[in-house]
Amino acid sequence: MSVTSFFSSFFNTVHGDAPEEKQPESENKEEEVAEVGEPSKESEEEEVEAEDIHPVIIEECKNSAACASLTRHFEHCQEKVQSGQGFKGEDCVEELFHLMHCADACAAPKLFSKLK
């Protein structure tokens, strides 16, 4: 038993040069009518989506007194790495995690109190 016959016993064989199946013309006409027809009620009644307040709250928390030192530490790390003063392969992932943890802890109560 060859390797190809072993695998073909588990999977269906698909040939790339097989002709495509054509849909009956009646199905195509129904699709065109649905597309060209009158607009649906959903498009007429546009729902007003509320603005996402999460990014705003996160930015407020990053600049708050609780997270200010972590924000400065992260920004200092970014400046050091971008200027090439850091060691080879250094990144600021750990500083980012600490900053985001602080910002998320600050934002969570504010965010959930504003949700409906």
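For clarity, every value in this text was computed on a predicted model and none was experimentally measured.

A. How the structure looks around the packing of helix α4 (residues 54-62) against helix α6 (residues 93-114). With their axes 8 Å apart at the nearest point, α4 and α6 run at an angle of 130° to one another. One finds that α4 runs oblique with respect to α6. For the crossing formed where α4 meets α6, the hand is right-handed. Packed against α4, whose contacting residues are His54, Ile57, Ile58, Cys61 and Lys62, the element α6 presents Leu99, Met100, Ala103, Asp104, Cys106, Ala107, Lys110, Leu111 and Lys114 at the interface. For the contact of α4 with α6, the residue count by class is 9 nonpolar, 1 polar and 4 charged.

B. Seen up close, the state of the cysteines. In this structure the tally under the stated criterion is 3 disulfides. Note that Cys67 is cross-linked by a disulfide to Cys102, the S-S spacing being 1.9 Å. Here the disulfide of Cys67 and Cys102 is left-handed, its torsion about the S-S bond being about -95°. Here the residue Cys67 occupies a position in the loop between α4 and α5 (68-83), and Cys102 occupies one in helix α6, the gap between them amounting to 35 residues.

C. Structural detail: the side chain of Glu90. Assignment of secondary structure puts Glu90 in the loop between α5 and α6. Residue Glu90 is classed as buried on the basis of its relative accessible area of 15%. Among the polar contacts made by the side chain of Glu90, one reaches the side chain of Lys80 at a distance of 3.4 Å. Leaving out residues up to four positions away in the same chain, Glu90 has contacts with Cys77, Lys80 and Val81.

Basis of the calculations
Residues numbered from 1 in each chain as written. Predicted model: local features only at pLDDT ≥ 70, side-chain atom pairs only at ≥ 80, totals over all residues. Heavy atoms only, no water. Axes fitted to C-alpha atoms, helices over the stretch in contact; angles between N-to-C directions. Helix = DSSP H or I, 4+ residues; strand = E, 2+ residues; numbered from the N terminus. Parallel < 35°, antiparallel > 145°, perpendicular 65-115°, else oblique. Left-handed = near helix turned anticlockwise from the far one by under 90°. Contact = heavy atoms within 4.5 Å. Nonpolar A, V, L, I, M, F, W, Y, C, P; charged D, E, K, R; others polar. Disulfide = S-S within 2.5 Å. Buried < 20%, exposed > 50% of the residue type's maximum accessible area, 1.4 Å probe, protein only. Polar contact = N/O pair within 3.5 Å; in protein donor to acceptor, adjacent residues only side chain to side chain.

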